[in-house]
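So you can see what is in the structure, the chains are spelled out below.
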Amino acid sequence: MSERPDLPELRASDADRDRVAEILREAVAEGRLDMEEFDERLGAAYRARTYADLEPLTRDLPVAGGAAVGEPATVSADWQERIGGPASSTKGIAVMSGFQRKGRWTVPRRFTAFTFWGGGELDLREARFEDREVEIRCFTIMGGVQIVVPPGVEVDVRGFGVMGGFDQSAAEEPGERGAPRVVVSGFAFWGGVAVERKLARAERRRLKAERQEWRELERERELEEREQRRRGRKELE
């Protein structure tokens, strides 16, 4: 937090709230929080508007606010299991067409993407990685490449463009310790390379269902409180 004093004032996203919720669930499973405190903090997480609202919710837990403000988390066993194995594909070419790499594939140490009047999509959310550091080289002329990475992956964008560009926003968030590092390099002419972070679809559906369930519980509690207040006023009358 001292290195990024502006972070507490930034608006939190759904992904930020979901990451805090995941830390809280782990804390319950480990016996660090009881259910009453878990419910209270979970509700506060989903009501949070800024990083400043999220940070106190995990301050006293092992990952002291890391999920909220982007500090590196502890090494995850899930990342260890996703590193290693032979590459599935080493290049993608789109000439007035398109290509995709998504689902369960293995990202090679070096992947080359070339597009001319076309587009490519590289979805790494469910992918394995041949090595801890991989490089995706993008060369696009009047076309584009979209790269989707899961939260936690470190991103280093080094490409440059002429009448085009490389999106640097995903590189602003530090990666988790032990997670793969994705280097995006290359050249864009009248085109662009976008790198964005998204949760896996299954995880997004699970968290969306959980948020909906929590909102329904909150509505039921509000209705119950209103009914109790109504009864209390009626008894006083």
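That block above? That's the structure.
Taken together, the side chains of I93, V95, M96, F114, W117 and F139 define a hydrophobic patch exposed on the protein surface, amounting to about 590 Å² of accessible area. Relative to the assigned elements, I93 resides in strand β1 (residues 91–95).

In this section: the nonpolar core. Formed by 28 residues in total, the largest nonpolar core has its most connected members in L122, L124, I136, C138, I147, V182 and V184. Elements with a minimum of two residues in this core: β4 (110–116), β7 (133–141), β8 (144–149), β9 (154–157), β12 (181–189) and β13 (192–197). If you look at the next biggest cluster of nonpolar residues, it comprises 16 residues, including A27, L42, A48 and W214.

On to the pattern of salt bridges, then. Overall, the coordinates contain 14 salt bridges when judged by the stated rule. With a closest N to O distance of 2.3 Å, R25 and E22 form a salt bridge. Of this pair, R25 and E22 both sit in helix α1 (residues 14–29), 3 residues apart, roughly one helical turn. Accessibility expressed as a relative area gives 17% for R25, which makes it buried. In this structure, E135 and R110 form a salt bridge, with 3.3 Å as the shortest nitrogen-oxygen distance. Here R110 lies in strand β4 and E135 lies in strand β7, a separation of 25 residues in the sequence. Residues joined by salt bridges that share partners form a network here, namely E133, E154, D156, R158 and R181.

So, about the environment of R158. Within the element layout of this structure, R158 appears in the loop between β9 and β10 (160–162). Separated by 13 residues in the primary sequence, R158 and A171 place their C-alpha atoms 9.9 Å from one another. Every residue in contact with R158, bar those within four places of it in the chain, is listed here: R181, V183, V184 and S185. For R158, the side chain forms a polar contact with the side chain of D156, separated by 2.8 Å.

A few words now on α1. For α1, which comprises 16 residues, the first-to-last C-alpha distance of 23 Å matches the rise-based estimate of 22 Å (1.5 Å per residue) to within 8%. With its phi angle positive at about 80°, G31 sits one or two positions after the end of α1.

A complete count under the given rule lists 4 aromatic pairs for this structure. Consider the rings of W105 and F111, whose centres lie 5.9 Å apart with planes at 70°: the pair is edge-to-face. Among the residues examined, W105 registers a relative accessible area of 6% and is labelled buried. Here the aromatic rings of F116 and W117 are separated by 5.8 Å at their centres, their planes lie at 5°, and the arrangement is stacked.

All right, on to the pairing of β13 then. The alternating pattern of β13 places V193, V195 and R197 on a buried face, while none of G192, A194 and E196, on the opposite face, is buried. Where β8 and β13 come together, 6 bridges link them in parallel fashion. Bridged to V148 within β13 is E196. Bridge count for strand β11 (residues 165–166) against β13 is 2 bridges, and the pairing is parallel. Paired with G165 across the bridge in β13 is G192.

Right, let's talk about the sheet that holds β13 for a bit. Pairing is parallel across the open sheet formed by 5 strands, whose spatial order is β2-β5-β8-β13-β11. Both edges of this open sheet fall to β2 (98–101) and β11, since each of them pairs with a single strand only. One ladder, built from 4 bridges, connects β2 with strand β5 (residues 119–123); its direction is parallel. Paired with Q100 across the strands is E121, a residue of β5.

What counts, and where the lines are drawn
- Residue positions are given per chain, counted from 1 along the sequence in the order it is written.
- Only residues with pLDDT of 70 or above have their local features reported here, since the model is predicted, and side-chain atom pairs are shown and tallied only from 80 upward, although totals for entire chains, interfaces and linings are computed over all residues.
- Excluding hydrogens and water, the side-chain figures rest on all heavy atoms present in the structure.
- A patch consists of residues exposed above 30% relative accessible area that lack any salt bridge, with like charges linked at up to 9 Å and nonpolar side chains (Val, Leu, Ile, Met, Phe, Trp, Tyr) linked at up to 5 Å.
- For accessible areas, the Shrake-Rupley method is used with a probe of radius 1.4 Å. Any residue's cover is judged against the shown protein chains and nothing else.
- Any Lys or Arg side-chain nitrogen located within 4 Å of an Asp or Glu carboxyl oxygen qualifies as a salt bridge.
- Secondary structure elements are defined from DSSP: runs of H or I of at least 4 residues count as helices, runs of E of at least 2 residues count as strands, and each element is numbered from the N terminus.
- Side-chain atoms within 4.5 Å link the members of a nonpolar core, which is a set of buried Ala, Val, Leu, Ile, Met, Phe, Trp, Tyr and Cys residues.
- Only protein chains enter the area calculation, which uses a 1.4 Å probe; residues under 20% of their type maximum are buried, those over 50% are exposed, and those in between are partly exposed.
- We call two residues in contact whenever any of their non-hydrogen atoms come within 4.5 Å of each other.
- Any N or O atom pair separated by 3.5 Å or less is treated as a polar contact, with the protein-specific requirement of one donor-capable and one acceptor-capable atom, and with residues adjacent in sequence counted only for side-chain atom pairs.
- Helix span is expected to be 1.5 Å times the residue number reduced by one.
- Ring pairs shown here join Phe, Tyr and Trp side chains whose ring centres sit within 6.5 Å, with only the six-membered ring taken for Trp; geometry is labelled stacked below 30 degrees between planes, edge-to-face above 60, and tilted in between.
- Strands are treated as partners if at least two bridges between them are detected by DSSP.

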